[in-house]
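What the coordinates show
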Amino acid sequence: MTKIFPSLLSADFMNLEKEVQHLTEAGVDGLHFDVMDGQFVPNISIGFPILEALRKKTTLPIDVHLMIDNPENYIDAFCEKGADKVSVHIEATPHIHRAIQKIKAHGKEVGVVINPGTAVSQLESLLQDIDFVLVMSVNPGFGGQAFIPQSVDKIKALNEYRHQHGLNFKIEVDGGVNDQTAPSVIKAGADWLVAGSYFFKFDSYHEALQHLKSEG
């Protein structure tokens, strides 16, 4: 069954506690928490105080996506302040193995992210050591962008690789996920979908969730 992780970047921050309550009642599988530093991506977003506050208010898994330079310098803090899953961009650090090891040391699920311009082949030496791959289907930094169709080929390649090598990593997709793009990424092998602007435009989050899950 496909899992849906709404991106809090598109939520109403003036009413974040209520938003999380409504998401929980709708039955979402977890919360996607985007961290941007204004350096690795051209935007700045939420950080430690919001994560700490969220952790106190929800038992849902929190999926922290670090869109920051040198993420290994901040992994300990994000893990300690409430992350359940942590993903880092392969493009953001020359020390990707160190970052993976740090996340594992905290007992968290570890993911590696690839941007639209990064080939799947760059991940092959890492795939046996991680829990999931996050395929960016837009260029990271801003919500509401259009899905990049070539992302489907990356998902297919990752799905084929894990079957050929007997691996169990999950495939997560983030960017432009909606009722039009969800069927193709699920068919290609995606396990988890991150939905932001599309999801939060619905008055009923239960309806949004069921609409996306029905596409699988």
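Residues numbered from 1 in each chain as written. Predicted model: local features only at pLDDT ≥ 70, side-chain atom pairs only at ≥ 80, totals over all residues. Heavy atoms only, no water.

1. What about the environment of Val35?
What counts is decided by this rule: The way it works is that DSSP assigns letters per residue, a run of H or I at least four long becomes a helix, a run of E at least two long becomes a strand, and they are numbered from the N terminus. Note on exposure labels: buried denotes an accessible area under 20% of the residue type's maximum, exposed denotes more than 50%, and partly exposed covers the range between, all computed with a 1.4 Å probe on protein chains only. Here, residues are in contact when the closest pair of their heavy atoms is within 4.5 Å.
Residue placement: Val35 occurs in strand β2 (residues 31-36). Since its relative accessible area comes to 6%, Val35 is described here as buried. Separated by 13 residues in the primary sequence, Val35 and Phe48 place their C-alpha atoms 9.3 Å from one another. Not counting residues within four places of it along the chain, the set of residues in contact with Val35 comprises Ser45, Ile46, Val64, His65, Leu66, Met67, Ile68 and Phe78.

2. Digging into the side chain of His32
Heads up, the condition is: In protein, a polar contact requires one atom able to donate a hydrogen and another able to accept it; more generally it is a pair of N or O atoms within 3.5 Å, and residues adjacent in sequence count only if both atoms are side-chain atoms.
As for its position among the elements, His32 is in strand β2. Here Asp174 takes part through its side chain, which lies 3.4 Å from a polar atom of the side chain of His32. Residues contacting His32, with those up to four places away along its chain left out, are Phe5, Pro6, Ser7, Leu8, Asp63, His65, Leu134, Glu172, Asp174 and Val194.

3. Brief notes about the UniProt feature "binding site: a divalent metal cation" (unreviewed entry) in the protein chain
This is how the line gets drawn: UniProt positions are given in the numbering used here, feature names are shortened, and annotations may be inferred rather than shown by experiment.
When the UniProt feature table is mapped to this numbering, "binding site: a divalent metal cation" (unreviewed entry) covers His32, Asp34, His65 and Asp174. Taken along the chain, the residues just named run across 143 residues; in space they keep tight, none of their C-alpha pairs more than 10.6 Å apart. Mapping Asp34 onto the fold places it in strand β2. Setting aside its immediate chain neighbours within four residues, Asp34 contacts Ser7, Leu9, Ser45, Ile46, His65, Met67 and Asp174. One polar contact links Asp34 to Ser7, side chain to side chain, over a distance of 2.8 Å. As for its placement among the helices and strands, His65 is situated in strand β3 (residues 62-67). Here His65 is in contact with His32, Phe33, Asp34, Val35, Ser87, His89, Val113, Leu134, Met136 and Asp174, once residues within four sequence places are set aside.

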